[in-house]
Amino acid sequence: MIKNYIKRIFRFVNSTMSKIHWQISGSDVFVGRRSKIVHGKLISFGDHVNIQPDCLIVAFPGNAKFKIGMGADIGRFSRIACKNKIIIEENVFTGPNVFICDFNHTYEDINIPIKAQGETVYSSGVKILKDTWIGTNAVIVGNVTIGKHCVIGANSFVNHDVPDYCVAVGSPAKVVKKFDFEKNTWVKINNKNIKD
């Protein structure tokens, strides 16, 4: 009982300090040790968000629309960078070392070093709908919407939309299961590409 009381006090102090230090919205937002939030005032945080230790969350100044919904949990060592739009809805949770980004490096001109060519910022950005689980080491980049109650497998690369109630795995990720509401069960999908 005393242990739980101490945990609640620690969480309250951490949440209060996070609001002041990182200039973040939302109540009961936990930011783990060694995590860094850059331009936190540009990010809309829902209540009860957990940012595990060693994460980097960045909203670049300009037109960034960045929202992390109520009850979301961002796994340890994850990186999220927003220049245009990233929406992570309520109760989304990620495993450790997940990378989510709405821009990428430009590389087309072979006479200019890639790092000097600038970036492509995706117009629609990334949207991860509620109750979705993103597995360890997943990478999500581009104009991507991941539907409600999805599972993205560990080590997957997602650069296309994933429909609601699907399991997607691989590089590039492909849907391998979908919930069948008539049968009330998950059914296997054979080699169906996400963009189909």
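Relevant structure appears above.
Fair warning: this is a prediction, and the values are worked out from it, not measured in the lab. (Residues numbered from 1 in each chain as written. Predicted model: local features only at pLDDT ≥ 70, side-chain atom pairs only at ≥ 80, totals over all residues. Heavy atoms only, no water.)

1. Some points on the sheet that holds strand β11 (residues 99-101)
Strand pairing in a sheet relies on backbone hydrogen bonds. The paired strands run either parallel or antiparallel.
Now for step 1: One open sheet accounts for six strands, arranged β2-β5-β8-β11-β16-β19; its pairing is parallel. Every other strand in the sheet has two partners, leaving β2 (36-38) and β19 (157-158) as the edge strands with one partner each. (Pairing = 2+ DSSP bridges. Helix = DSSP H or I, 4+ residues; strand = E, 2+ residues; numbered from the N terminus.)

2. Brief notes about the nonpolar core
Now for step 1: In terms of nonpolar packing, the biggest core is built from 37 residues, with Ile-68, Ile-88 and Ile-146 touching the most fellow members.
Now for step 2: Those residues within four positions of Ile-88 in sequence are excluded, and the remaining contacts are Lys-67, Ile-68, Gly-69, Ala-72, Ile-74, Ile-80, Ile-100 and Ile-128. (Core = buried A, V, L, I, M, F, W, Y, C linked by side-chain atoms within 4.5 Å. Buried < 20%, exposed > 50% of the residue type's maximum accessible area, 1.4 Å probe, protein only. Contact = heavy atoms within 4.5 Å.)

3. Describing the side chain of Asp-102
Now for step 1: Relative to the elements of secondary structure, Asp-102 occurs in the loop between β11 and β12 (103-105).
Now for step 2: Summary of buried charges: Asp-102 has no salt-bridge partner, and the nearest side chain of opposite charge, Lys-83, is 7.8 Å away.
Now for step 3: A polar contact of 2.7 Å, which involves the side chain of Asp-102, links it to the backbone nitrogen of Lys-85.
Now for step 4: Those residues within four positions of Asp-102 in sequence are excluded, and the remaining contacts are Ala-81, Cys-82, Lys-83, Asn-84, Lys-85, Ile-86, Thr-120, Val-121, Tyr-122, Gly-125 and Val-126. (Lys, Arg positive; Asp, Glu negative; His and termini not counted. Salt bridge = Lys/Arg side-chain N within 4 Å of Asp/Glu carboxyl O. Polar contact = N/O pair within 3.5 Å; in protein donor to acceptor, adjacent residues only side chain to side chain.)

4. Describing a positive patch on the surface
Now for step 1: Together, Lys-65, Lys-67, Lys-85 and Lys-127 make up a positively charged patch on the protein surface.
Now for step 2: Along the chain, the position of Lys-85 falls in strand β9 (residues 85-88).
Now for step 3: Looking at Lys-85, the relative accessible area reads 30%, which means it is partly exposed. (Patch = residues over 30% accessible without salt bridge, like charges linked within 9 Å, V, L, I, M, F, W, Y side chains within 5 Å. Areas by Shrake-Rupley, 256 points an atom, 1.4 Å probe, with all protein chains shown as cover. Charge placed at Lys NZ, Arg CZ, Asp CG, Glu CD.)

5. Thoughts on the pattern of salt bridges
For side chains bearing opposite charge, pairing can occur when the charged atoms are close.
Now for step 1: Within this structure, the stated rule accounts for three salt bridges.
Now for step 2: A salt bridge links Arg-76 to Asp-54; its shortest N-O distance comes to 2.9 Å. Within this pair, whereas Arg-76 is found in the loop between β7 (73-74) and β8 (79-82), its partner Asp-54 is found in the loop between β4 (50-51) and β5 (56-59), the two being separated by 22 residues in sequence.
Now for step 3: On the accessibility criterion, Arg-76 (37% relative accessible area) is partly exposed.
Now for step 4: Note on Asp-54: relative accessible area 11%, which makes it buried.
Now for step 5: The salt bridge involving Glu-119 is made with Lys-83; its shortest N-O contact spans 2.2 Å. In this pair, Glu-119 is assigned in strand β13 (residues 119-121) and Lys-83 in the loop between β8 and β9, connecting sequence segments 36 residues apart.
Now for step 6: What makes Lys-83 partly exposed here is its relative accessible area of 24%.
Now for step 7: When salt bridges that share partners are traced, they join Arg-34, Asp-54 and Arg-76 into one network.

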